[in-house]
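# Chain and residue survey
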Amino acid sequence: MKFRQNLVKKILDGNKSVTWRLFDDKDLKAGDRIELVDWETGEKFAEAEITMVREKKLGEIEEKDFEGHERYESTEEMLKHYKEYYGEEVTMDTIVKMIDFKLLRHR
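Residues numbered from 1 in each chain as written. Predicted model: local features only at pLDDT ≥ 70, side-chain atom pairs only at ≥ 80, totals over all residues. Heavy atoms only, no water.

## Looking at the overall build of the chain
Counting its secondary structure elements, the chain contains 2 helices and 5 strands. Put simply, the chain runs from its N terminus to its C terminus through helices and strands in the order β-α-β-β-β-α-β. Relative to the compact-globule value of 13 Å for 107 residues, the chain shows a C-alpha radius of gyration of 14 Å, a close match. In terms of principal-axis extent, the alpha carbons of the chain reach across some 35 × 25 × 25 Å. For the chain, buried positions account for 39% of its 107 residues. For the chain, restricting intrachain contacts to residue pairs at least 6 apart in sequence, the fraction spanning at least 24 positions comes to 72%. Carbon and sulfur atoms make up 46% of the accessible area of the chain, which amounts to about 6,700 Å² in all. Across the chain, 21 positive and 26 negative side-chain charges occur, with their mean positions spaced 4 Å apart. (Helix = DSSP H or I, 4+ residues; strand = E, 2+ residues; numbered from the N terminus. Rg over C-alpha atoms; globule rule 2.2 N^0.38 Å. Buried < 20%, exposed > 50% of the residue type's maximum accessible area, 1.4 Å probe, protein only. Contact = heavy atoms within 4.5 Å. Areas by Shrake-Rupley, 256 points an atom, 1.4 Å probe, with all protein chains shown as cover. Lys, Arg positive; Asp, Glu negative; His and termini not counted. Charge placed at Lys NZ, Arg CZ, Asp CG, Glu CD.)

## Structural notes on the nonpolar core
The biggest cluster of nonpolar side chains holds 13 residues, and the ones touching the most others in it are Phe3, Ile11, Ile34, Leu36, Phe45 and Phe101. Counting residues per element, the ones that place at least two in this core are α1 (5–12), β3 (33–38), β4 (44–57) and β5 (95–106). A total of 4 residues in this core trace back to one element, the largest contributor, which is β4. Ile11 has contacts with Phe3, Lys16, Leu36, Phe45, Phe101 and Leu103, leaving out every residue within four places of it along the chain. Counting 12 residues, the second largest nonpolar core, distinct from the first, contains Val18, Leu58, Phe66 and Met98. (Core = buried A, V, L, I, M, F, W, Y, C linked by side-chain atoms within 4.5 Å.)

## Points about the pairing of β3
Where strand β1 (residues 2–3) meets β3, 2 bridges bridge the pair, whose relative direction is parallel. Opposite Lys2, over in β3, you have Val37 as the bridge partner. In this structure, β3 lies alongside β4, joined through 5 bridges in antiparallel fashion. Note that in β4 the partner of Val37 across the bridge is Lys44. Linking β3 back to β4 in an antiparallel pair, the connection comprises 5 residues, with Gly42 at a positive phi of about 80 degrees. (Pairing = 2+ DSSP bridges.)

## With respect to the pattern of salt bridges
For the structure shown, the criterion picks out 16 salt bridges. Between Lys64 and Glu62 there is a salt bridge whose closest N-O contact spans 3.9 Å. A relative accessible area of 38% means that Glu62 is categorised as partly exposed. For the salt bridge of Glu63 with Arg71, the shortest nitrogen-to-oxygen distance reads 2.4 Å. On the accessibility criterion, Glu63 (56% relative accessible area) is exposed. Each of Glu35, Lys44, Glu47 and Arg105 takes part in one network of salt bridges that share partners. (Salt bridge = Lys/Arg side-chain N within 4 Å of Asp/Glu carboxyl O.)

## What to know about the side chain of Asp65
Of note, Asp65 is situated in the loop between β4 and α2 (75–86). Side chain to side chain, Asp65 and Lys56 meet in a polar contact 2.9 Å long. With near-sequence residues (within four places) excluded, Asp65 lies in contact with Trp20, Arg54, Lys56, Glu60 and Met98. (Polar contact = N/O pair within 3.5 Å; in protein donor to acceptor, adjacent residues only side chain to side chain.)

Given below as structure tokens:
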């Protein structure tokens, strides 16, 4: 699973333990072990275990869903962020796969 460089440090200090993925066709489930990779360098920086996977629409995200995940100043900013990553087809009805994980090993 790839992460932008600005998120790598947050993961390694324990401030980020949840990732949100849109249009994800991987059949990830609790108990799966995954490699965490720096998107820019392609280097593996950690191994993790998925502890929970849940899905909901972007527009149904609640305050509690941000625990372990970076926050946005507004719903509009959040939508803009995901459109930058995934394209203009992202709407508030787009399904978000929320993946909780715990670090097992890191570099």
